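# Observations on the model geometry
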Number of protein chains: 2
Amino acid sequence: MPNTSVPKTARGAATRARIVDAATELVRARGAANTTIDAVIEASKASKSQVYHYFADKDELVLAVIQRQAECVLGTHEGLLRKLNSLSGLRRWRDAVVALTHQTNCAGGCPLGSLAAELSETPRTRAALAESFARWAGHFEAAFARMQSRAGITSAGDLKELSEAMLASLQGGLLLAQTLRSTRPLELALDMAIDHVAARLGL
Amino acid sequence: MPNTSVPKTARGAATRARIVDAATELVRARGAANTTIDAVIEASKASKSQVYHYFADKDELVLAVIQRQAECVLGTHEGLLRKLNSLSGLRRWRDAVVALTHQTNCAGGCPLGSLAAELSETPRTRAALAESFARWAGHFEAAFARMQSRAGITSAGDLKELSEAMLASLQGGLLLAQTLRSTRPLELALDMAIDHVAARLGL
């Protein structure tokens, strides 16, 4: 958790949220390096003293942005993966991810992956991103366990390792999709990972 | 190609190379957004007029950095992949990539992947990075064709698609390795991709 003042009132919470919203949008559009506290103040219509009340410095604000994007991305995937317990369910998740990427014309890449590429050389931001990736992999792991259980298979492979391979395919596929402006590499990477999961789980 | 003045003398070429070297090192350490022309002037010991003689603006310099990193990364992989014509050769390439990543304690990620994550929202830099990724995939494709040919198999799968899936695994694996500071996700992603290649090529 970032070491920031916790809002004591609903109004304070709303102000803090408005600041994080504005910072998240700016970081998403231009990267953390290109986002200044002044730009966040302007975009959020908060005062300088309000921003510094909740965030000691830019690092604190960037940590809050990572937390916000993790909630958003993991929330989406948790929703898609929550009831998943079959290979056909996993294929529907794949189609949903490809459709979401297509909707944005492959622009922007993964919000968490982009932050990871920019902020993995600073210990605190790296730790926050590593934790987010671990939680993300955890959602895959739980889904794979349900798939195994439903198929009546006793645990064979290492589901944690399987979920890391899935997340790597997803991240690599999203990065290539962003750079090549095509969902094709994402589709190929996810299909490869799904075949791998099916083989390992014996499905 | 960046639209820059081409050095006419060996001395000019050396000056230009020194500027690109310094810019590459700065961009690698802190990202393109955090690298100013002034910092490049200071680090390269070149004059302002020399820098602006070869590079009209920062965008031109960043394009030269992409080109330099593409030469470096693709040169390494071309060397590792050039004579590769077997599954065991592909596994040795995997071990070499993991060893290189381990040497740097997983810091920094892929030089081209990091640039792609930062610079894929600007058309000219995106195009240069997309071209670099396509060339990289081309090296895989050629290696897969040699593997098929040596095993006496007539072309079965789409080798271009197979090479994109391999590159996605590599990029995703390197990003997770950087963020988690462990080569394990890279190993898992590459082993998955190698199994996929073996299955598709019928090896």
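Since the structure is predicted, the reported quantities are computational estimates derived from the model, not experimental observations. (Residues numbered from 1 in each chain as written. Chains lettered and ligands numbered in written order. Predicted model: local features only at pLDDT ≥ 70, side-chain atom pairs only at ≥ 80, totals over all residues. Heavy atoms only, no water.)

A tally of helices and strands in chain A yields nine helices and zero strands. Each helix and strand of chain A, placed in order from N terminus to C terminus, yields the pattern α-α-α-α-α-α-α-α-α. Taken over the C-alpha atoms alone, chain A extends approximately 60 × 35 × 30 Å along its principal axes. Residues counted as buried form 53% of the 203 residues belonging to chain A. Pairs at least 24 apart in sequence give 71% of the contacts found in chain A among residues at least 6 apart. Of the roughly 9200 Å² of accessible surface on chain A, 51% is carried by carbon and sulfur atoms. (Helix = DSSP H or I, 4+ residues; strand = E, 2+ residues; numbered from the N terminus. Buried < 20%, exposed > 50% of the residue type's maximum accessible area, 1.4 Å probe, protein only. Contact = heavy atoms within 4.5 Å. Areas by Shrake-Rupley, 256 points an atom, 1.4 Å probe, with all protein chains shown as cover.)

Now for helix H6 (residues 111-119) of chain A. Counted residue by residue, H6 of chain A has eight buried out of nine residues, so it is predominantly covered. Taken together, the buried positions of H6 of chain A are occupied by Pro-111, Leu-112, Gly-113, Ser-114, Leu-115, Ala-116, Ala-117 and Leu-119 of chain A.

All names here are of chain B. A rise of 1.5 Å per residue sets the reference length of helix H9 (residues 184-201), with its 18 residues, at 26 Å; its end C-alpha atoms lie 26 Å apart and thus fit the reference within 8%. In terms of burial, H9 is largely enclosed, as 13 of its 18 residues are buried. Taken from the residues just after H9, Gly-202 is the one with a positive phi, measuring 70 degrees. (Expected span 1.5 Å × (residues − 1).)

Here we come to the relation of the copies chain B and chain A. Rotating chain B by 180 degrees and moving it 0.0 Å along the rotation axis overlays it on chain A with an RMSD of 0.0 Å. The symmetry that links the two subunits is that of a two-fold axis. Residue Gly-172 of chain B, judged by its C-alpha, is the member of chain B lying nearest the rotation axis, at 1.8 Å. When the interface residues of chain B are mapped onto chain A, 100% of them again lie at the interface, so the same face is used by both copies. (Least-squares fit on C-alpha atoms with pLDDT ≥ 70 in both.)

Before going further, it helps to spend a moment on the packing of aromatic side chains. Residue and element names in this part refer to chain A. In total, this model carries six aromatic pairs over all chains according to the counting rule given. Relative to Phe-144, the ring of Phe-140 has its centre 6.2 Å away and its plane inclined at 25 degrees; by these criteria the two rings are stacked. In this pair, Phe-140 and Phe-144 both sit in helix H7 (residues 123-150), four residues apart, roughly one turn of the helix. Both residues of the pair, Phe-140 and Phe-144, belong to the buried class. Taken together, the ring pairs connect Trp-93, Phe-140 and Phe-144 into an aromatic cluster. (Phe/Tyr/Trp six-rings, centres within 6.5 Å; stacked < 30°, edge-to-face > 60°.)

Quick look at the UniProt feature "DNA-binding region" (unreviewed entry) in chain A now. When the UniProt feature table is mapped onto this chain, "DNA-binding region" (unreviewed entry) is found at residues 36-55 of chain A. Counted over residues 36-55 of chain A, helix gives 75% and strand 0%. Its end C-alpha atoms are 13 Å apart. (UniProt positions renumbered as here; feature names shortened; annotations may be inferred.)

Right, let's get into the pattern of salt bridges. Evaluated as defined, the whole model comprises 20 salt bridges over all chains. A salt bridge links Glu-161 of chain A to Arg-184 of chain B, with the nearest nitrogen and oxygen atoms 2.8 Å apart. In this pair, Glu-161 of chain A is assigned in helix H8 (residues 159-180) and Arg-184 of chain B in helix H9, connecting two distinct chains. The shortest N-O distance in the salt bridge between Arg-124 of chain B and Glu-60 of chain B comes to 3.6 Å. (Salt bridge = Lys/Arg side-chain N within 4 Å of Asp/Glu carboxyl O.)

Right, let's get into the interface of chain B and chain A. The extent of an interface is frequently quoted as the accessible surface area lost upon association of the parts. Contacts between chain B and chain A engage 37 residues on the former and 37 residues on the latter. With both chains or domains summed, chain B and chain A bury close to 3200 Å², and 64% of this area falls on carbon and sulfur atoms. The three residues of chain B that bury the most area against chain A are Leu-176, Thr-179 and Met-192 of chain B, which together make up 19% of that side's buried surface. Linking chain B to chain A there are six salt bridges. The interface formed by chain B and chain A contains 14 residue pairs in polar contact (both at pLDDT 80 or more). Here the element with the most residues in the side of chain B that touches chain A is helix H8 (residues 159-180) of chain B; it accounts for 14 residues. A per-class count over the side of chain B that touches chain A returns 18 nonpolar, eleven polar and eight charged. (Buried area = accessible area lost by both parts, 1.4 Å probe. Polar contact = N/O pair within 3.5 Å; in protein donor to acceptor, adjacent residues only side chain to side chain. Nonpolar A, V, L, I, M, F, W, Y, C, P; charged D, E, K, R; others polar.)

A pair of packed helices is captured by two measures, namely the crossing angle of their axes and the spacing between those axes. All names here are of chain B. Across the interface, helix H5 (residues 87-103) lies against H8 with an axial gap of 12 Å and an inter-helix angle of 25 degrees. In terms of axis orientation, H5 runs roughly parallel to H8. The interaxial crossing formed by H5 with H8 has right-handed handedness. Facing Leu-90, Trp-93, Val-97 and Thr-101 of H5, the residues of H8 in contact are Met-166, Leu-170, Leu-174 and Ala-177. Taken together, the residues of the contact of H5 with H8 break down into seven nonpolar, one polar and no charged. (Axes fitted to C-alpha atoms, helices over the stretch in contact; angles between N-to-C directions. Parallel < 35°, antiparallel > 145°, perpendicular 65-115°, else oblique. Left-handed = near helix turned anticlockwise from the far one by under 90°.)

Residue and element names in this part refer to chain B. Between helix H1 (residues 10-30) and helix H2 (residues 37-44), the shortest axis-to-axis distance is 9 Å and the interhelical angle comes to 120 degrees. Between H1 and H2, the angle is such that the two are oblique. Pair H1 / H2 crosses with right-handed handedness. Each of Arg-18, Ile-19, Ala-22, Ala-23, Leu-26 and Arg-30 in H1 lies in contact with H2, whose residues at this interface are Ala-39, Val-40, Ala-43 and Ser-44. Taken together, the residues of the contact of H1 with H2 sort by class into seven nonpolar, one polar and two charged.

So, on to unusual backbone geometry. Residue and element names in this part refer to chain A. Unusually for a residue other than glycine, Asn-105 sits at a positive phi of about 55 degrees. Considering the arrangement of structural elements, one finds Asn-105 in the loop between helix H5 (87-103) and H6. Judged by relative accessible area, Asn-105 falls into the exposed class, the value being 58%.

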